[in-house]
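Spelled out, the chains give:
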Amino acid sequence: MGEKIAKEKSGENSSKEIRINRFLADCGLGSRRKVEELILSGKVKVNGAVEKNLSTKIRVGSDIVQVGNKKLDPPTESVFLALNKPKGFLCSHSDRFHSNTVFELLPKKYGKLFIAGRLDLDSRGLLLLSDQGNLVQQITHPSEGSEKEYEVLLEEELDSKEVKDRFTKGFVDEGEFLKAEKVTSLVKGEGSSKFRVILKQGRKRQIRRMFSILGGRVIDLQRIRIGKLSLEKLKIGEGKFVLLDPKVWRP
């Protein structure tokens, strides 16, 4: 038993095989689609030969994979973290029109992580990040149906029944069908209202668009939960992050 553990730690027992696009994504070269473009363009070599077959499997720890003249090594330890994003930070690695990105809130060693479920510049709340590109894709893909929960403060006072009915039935905006799973009215004050909205979709600026159609302007939008992970349970202060156990990562 001890000998087996020693072999696994030293890499002698490493015979794991994964598809080439997943291997490249896990090495931080981008989304599955982006790395597939790299493969098809002939920029990837496996054991010295150009490889264009997307179904090729890589023997991790054995095969030598190169992009250009750079040898790729998969991360030896997976990173999973949750960040409480403040307003004013962009969910991007870089942007020539905006200097503040979420990666400025993290140590430099986390600068190439993938983001699961982006938030727009003026929104705040829970973000999940990982160096495992394939896992991020799984979490964000609509087929997974992971719930995302938001608290939304509006400038106007809207009729809560109309909001619930319209949101849960869904409607079309800019050629896209937008729908919420559940809507709860939290508080109603003079000239304002607050709702909790649960989505399974992930359309761009979806909640803002839906409220805008009903005549509401969002003045604060906070994501408080993704799947089974919530800001309350994780106890993350604004702009702070926590490392997650991979076992609790999946929503």
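Preceding block: the structure.
The paragraphs below set out a description of the structure included in this document.

Rules and cut-offs
Residues numbered from 1 in each chain as written. Predicted model: local features only at pLDDT ≥ 70, side-chain atom pairs only at ≥ 80, totals over all residues. Heavy atoms only, no water. Pairing = 2+ DSSP bridges. Helix = DSSP H or I, 4+ residues; strand = E, 2+ residues; numbered from the N terminus. Phe/Tyr/Trp six-rings, centres within 6.5 Å; stacked < 30°, edge-to-face > 60°. Buried < 20%, exposed > 50% of the residue type's maximum accessible area, 1.4 Å probe, protein only. Salt bridge = Lys/Arg side-chain N within 4 Å of Asp/Glu carboxyl O. Arc of directions from axis to C-beta. Polar contact = N/O pair within 3.5 Å; in protein donor to acceptor, adjacent residues only side chain to side chain.

1. What about the sheet that holds strand β2 (residues 44-46)?
- The strand order across the open sheet formed by 4 strands is β3-β2-β5-β6, and the pairing between neighbours is antiparallel. Looking at strand neighbours, the two that pair on one side only are β3 (49-50) and β6 (70-72), the edges of this open sheet.
- Note that strand β5 (residues 65-67) and β6 share 3 bridges and pair antiparallel. Counted as the bridge partner of Val67 is Lys70 from β6.

2. Let's talk about the packing of aromatic side chains
- Evaluated as defined, the whole model comprises 4 aromatic pairs.
- With 6.4 Å between their ring centres and 70 degrees between their planes, Phe167 and Phe171 make a pair best called edge-to-face.
- Residue Phe167 is classed as buried on the basis of its relative accessible area, which comes to 0%.
- Of the residues examined, Phe171 reaches a relative accessible area of 8% and is grouped as buried.
- An angle of 55 degrees between the planes, with centres 4.7 Å apart, marks the rings of Phe167 and Phe211 as tilted. Taken together, the residues span a long stretch of sequence, with Phe167 in helix α5 (residues 160-169) and Phe211 in helix α6 (residues 206-213) at a distance of 44 residues.
- Residue class for Phe211 comes out buried when judged on its relative accessible area of 0%.

3. Quick notes on the pattern of salt bridges
- With the rule as written, the count across this model stands at 16 salt bridges.
- Arg196 is the salt-bridge partner of Glu151, the closest N and O atoms lying 2.3 Å from each other. Within this pair, whereas Glu151 is found in strand β10 (residues 148-154), its partner Arg196 is found in strand β14 (residues 192-199), the two being separated by 45 residues in sequence.
- Glu181 is the salt-bridge partner of Lys179, the closest N and O atoms lying 3.8 Å from each other.
- A network of salt bridges, in which partner residues are shared, links Glu147, Glu149, Glu151, Lys194, Arg196 and Arg225.

4. Brief notes about α5
- Of all the residues in α5, the buried ones are Ser160, Val163 and Phe167. Buried residues of α5, viewed axially, fall in a sector of 60 degrees; they line one side. With respect to the buried face of α5, the exposed residues turned more than 90 degrees away are Lys161 and Lys169.
- For α5, the side-chain oxygen to backbone nitrogen distance between the N-cap and Lys161 is 3.2 Å, and the N-cap itself is Asp159.

Coordinates in, geometry out; function isn't part of it.
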